[in-house]
Structures are given as structure tokens and as C-alpha cells.
Amino acid sequence: MKIGIFDSGIGGLNVLDGFLKAGTKAEYIYVGDNFYVPYGTKTQEELEKIITRILNFFEKQSVDAIFIACNTASCASKNLKTNVPIYRIIEPTCVKAREINKSSSKPIALLATNFTVSSHAYDEYLNNIIGVKASAFVPLCEQNLMDTDYAKKVIADTLKDIKGKCDTIILGCTHFRLLKKQIIEYLGPVKIVDSCASFTDILKDLIGKNQLTKDVEPHIIFTKKDKINIDWFNHPYKGIDFIDIK
Ligand code: DGL
């Protein structure tokens, strides 16, 4: 099976990481749309246009399914259709969040991009959530600033209102897994719902018996030639291609 996965940049590689660690053998094509990063501060109309290019690209590549490894694009693409199935990351994340928060009386904190929080997409599946607009975290990940004092300050400024108020935290942006350690350091003991991990079970069910018999290195594409912070991605891949997707 050929699986298309995309995000605005490196964040969705966390999803691909989960797929590869789970051992689901498929031909993966990853698109990091760094030409248009960040997605989370754009409008619905802008995002629909941007996302349509990627969906068309995947259709031309004859993928069997598209996994939108981006919460923002999952919200913004609801009205977009393709001839192949599209899987969006939000619903499976909510299933995991409900499970994890079962025994808590405190609200769940949703850390996500400004667009995702404003869209209230998570409220369709979960009660009692506090949305925290955290688009400021995205450049910290894209620019490899995760371990800096500046990142500490941005995290503290963004999360100060939920510190002590919530014990279940949804990382509702695929980039934020790269800041998991720093977020826990600031908030103290909390349970983390990782939107990347929640997607893997869906892929496993889809691929089922159609597994490839051997590993194929994923094809990684970015839409703008730039320095890509990918050192943390610990899997062999076919190198990075830069393609101007129109
Ligand atoms: N990684 C994306 C998400 O899950 C979007 C980050 C951005 O480009 O704003 O929402």
C-alpha cells in the first residue's frame, strides 16, 4: 500500500515515526509543506487552497490513503474530498484523551495552534476542555530552538493559566511532541495525550494483511529548500526532495 502523509513542516514526521516504530510496512510518501508553514495562523480559505494542492499531489502519486498528520489541516479540510480515503488526526486523539482522563474531575487542556483552538473541532468529541492557543510553539520546533531559554519562556508564558488546573494535556499539534519534555518540566506531573500515537492504530487496521513483506524507506518531500530540523528522526529514509507543489 502507498500511504500519503502530510503536515505543514516537520511535525507530521512524529506520526510517521509512530507508523515505522509500529512496524506497519507500507510505501510512505511524506510531504512537509514548509513553503506555507505555519498553517495555524492562516484563515480557512487560505488553508483550503494550500491543502488542496497537497491532496491533488497525492492523488497524482496514486496513493491508497491520505493521513493528515496535522491537527490544523484536519480541521480546515473537512469540506475537501478526494478519490482516496482521508484520515484525520483529531477523532482518534479524542478517543485516547477520553480514556486517559476517565478518572479525573479536572478539565482537559488542549494545546494546539490558534486555528485548531478557534475551530472548536475538539469540542465535538470532548466535554470540559480548555483550549490553549500555542502557535508560538511551532517555530521553536521548526527552528530547533526546543532546548533554549527562549523556549522555556515561551512555554511558561503560554501555559501559565493552566498550570495546576489540568492533569490531562492533549498535544493537539503534531509539532508539540518535540517539546513534550519541556512542557512536562514546566507543568509538573501531567498525563500527555499524544495526537501522533493515536493515529497508529488506525493505520494498522487499514493496512491489515496488505503489509509489504519488506521495509521500504519512506520518501520525504519538503516544498521549500531550507534547513530541515530532522536529526531527531531516527529511521532510514531516501533523502529529502524539495518539490515546488503547485
Ligand atoms: N503541525 C500542525 C498541527 O498539528 C500545524 C503547525 C503549524 O503549521 O501551525 O496543527
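Shown above is the structure to which this text applies.
Residues numbered from 1 in each chain as written. Predicted model: local features only at pLDDT ≥ 70, side-chain atom pairs only at ≥ 80, totals over all residues. Heavy atoms only, no water.

### So, the sheet that holds strand S5 (residues 108–112)
Thinking step 1. As summarised here, the arrangement of the four strands in space is S6-S5-S7-S8, forming an open sheet in which the pairing is parallel. Two strands lie at the open edges of the sheet, namely strand S6 (129–133) and strand S8 (191–194), each paired on one side alone. Each adjacent strand pair in this sheet contributes to an overall mean axis angle of 25°, direction not counted.
Thinking step 2. Both strand S7 (residues 168–171) and S8 contribute to a ladder of four bridges, which runs parallel. Within the sheet, the bridge partner assigned to isoleucine 170 lies in S8 and is valine 193. (Pairing = 2+ DSSP bridges. Helix = DSSP H or I, 4+ residues; strand = E, 2+ residues; numbered from the N terminus. Axes fitted to C-alpha atoms, helices over the stretch in contact; angles between N-to-C directions.)

### Details of the pattern of salt bridges
Thinking step 1. All told, the structure shown has 11 salt bridges when counted by the stated rule.
Thinking step 2. Between arginine 53 and aspartate 33 there is a salt bridge whose closest N-O contact spans 2.9 Å. Pair noted here: arginine 53 is in helix H2 (residues 44–60) and aspartate 33 is in the loop between strand S2 (27–32) and H2, with a separation of 20 residues, a long-range link.
Thinking step 3. With a shortest N-O distance of 2.8 Å, lysine 153 and aspartate 157 are connected by a salt bridge. (Salt bridge = Lys/Arg side-chain N within 4 Å of Asp/Glu carboxyl O.)

### Here's the deal with the packing of helix H4 (residues 90–101) against helix H9 (residues 197–207)
Helix-helix packing is characterised by the crossing angle of the two axes and by the distance between the axes.
Thinking step 1. Where H4 contacts H9, the axes come no closer than 8 Å and their chain directions differ by 115°. In this view, H4 runs roughly perpendicular relative to H9, as classed from their interaxial angle. Between H4 and H9 lies a crossing of right-handed hand. Residues Pro92, Thr93 and Lys96 of H4 touch H9, and the partners they reach there are Ser198, Phe199, Asp201 and Ile202.
Thinking step 2. Among the residues forming the contact of H4 with H9, the class breakdown is three nonpolar, two polar and two charged. (Parallel < 35°, antiparallel > 145°, perpendicular 65-115°, else oblique. Left-handed = near helix turned anticlockwise from the far one by under 90°. Contact = heavy atoms within 4.5 Å. Nonpolar A, V, L, I, M, F, W, Y, C, P; charged D, E, K, R; others polar.)

### So, H2
Thinking step 1. With 17 residues, H2 extends 24 Å from end C-alpha to end C-alpha; this agrees with the ideal 24 Å at 1.5 Å per step.
Thinking step 2. Two residues or fewer past H2, serine 62 is found with a positive phi of approximately 55°. (Expected span 1.5 Å × (residues − 1).)

### Re the packing of aromatic side chains
Thinking step 1. One pass over the full model with this rule turns up 12 aromatic pairs.
Thinking step 2. Summarising the aromatic geometry, the rings of phenylalanine 19 and phenylalanine 199 are spaced 6.4 Å apart at their centres and angled 35° between planes, so their arrangement reads as tilted. Here phenylalanine 19, found in helix H1 (residues 13–21), pairs with phenylalanine 199, found in helix H9; they are 180 residues apart in sequence, far enough to count as distant.
Thinking step 3. Ring centres of tryptophan 232 and phenylalanine 233 lie 6.1 Å apart, and the angle between their planes is 90°; this geometry places the pair in the edge-to-face category. (Phe/Tyr/Trp six-rings, centres within 6.5 Å; stacked < 30°, edge-to-face > 60°.)

### Focus on unusual backbone geometry
Thinking step 1. Here valine 37 and proline 38 are connected by a cis peptide whose omega angle stands at 0°.
Thinking step 2. Along the polypeptide, proline 38 turns up in the loop between S2 and H2.
Thinking step 3. Non-glycine residue histidine 120 carries a positive phi angle of around 55°.
Thinking step 4. If you trace the backbone, histidine 120 turns up in the loop between helix H5 (114–119) and S6.
Thinking step 5. Phi is positive for asparagine 128, which is not a glycine, with a value near 60°.
Thinking step 6. Within the secondary structure layout, asparagine 128 lies in the loop between H5 and S6.

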